[in-house]
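A structural walkthrough
Listed here are the chains, written in short residue letters.
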Amino acid sequence: MAERQWTIGLCWRCEGTEEPVMWLGPVSSEYHGHGPFYACAPCVQRLEELVVEYGARRDT
Ligand SMILES: [Zn+2]
């Protein structure tokens, strides 16, 4: 599993600032290239749930 590191900054999901956030991957914009998608702990938790649901659907 890739190493995940927390840093302090902006959550790109809920837009909370000065939060411990984790880099989850690049975001691609139609017009503006790429940006780093950071998410705070509650948002990471929610995204984890969505990934689990996505994986469950994919298996059916
Ligand atoms: Zn957040």
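Our subject is the structure that appears above.
Let me sum up the structure you'll find in this document. (Residues numbered from 1 in each chain as written. Predicted model: local features only at pLDDT ≥ 70, side-chain atom pairs only at ≥ 80, totals over all residues. Heavy atoms only, no water.)

Turning to the sheet that holds strand β1 (residues 6-9), a few remarks are in order. Strands sit in the order β1-β2-β3 across an open sheet of three strands; the sheet is antiparallel. On the outer flanks of this sheet lie β1 and β3 (33-40), each paired with one strand and no other. Across the sheet, the axes of successive neighbouring strands diverge by a mean angle of 55°, strand direction being ignored. Note: strand β2 (residues 19-29) against β3, eight bridges, orientation antiparallel. Paired with Met 22 across the strands is Ala 39, a residue of β3. Packing of helix α1 (residues 41-59) onto the sheet brings it into contact with β1, β2 and β3, and relative to β3 it is tilted by some 100°. (Pairing = 2+ DSSP bridges. Helix = DSSP H or I, 4+ residues; strand = E, 2+ residues; numbered from the N terminus. Axes fitted to C-alpha atoms, helices over the stretch in contact; angles between N-to-C directions. Contact = heavy atoms within 4.5 Å.)

What follows concerns the coordination of the zinc ion. Here the zinc ion is held by the protein donor atoms Cys 11 (SG), Cys 14 (SG), Cys 40 (SG) and Cys 43 (SG), which lie 2.2 to 2.3 Å from it. In this structure, the zinc ion is coordinated by four donor atoms arranged in tetrahedral fashion, with angles at the metal of 104 to 115°. Ordering the donors of the zinc ion by residue number gives the pattern C-x2-C-x25-C-x2-C. Placement of Cys 14 in the loop between β1 and β2 and of Cys 40 in strand β3 is noted, with a sequence separation of 26 residues between them. (Donors = N, O, S within 2.8 Å, 3.2 Å for Na, K, Ca; no water. Tetrahedral: all angles 85-135°; square planar, octahedral: opposite > 155°, others 65-115°.)

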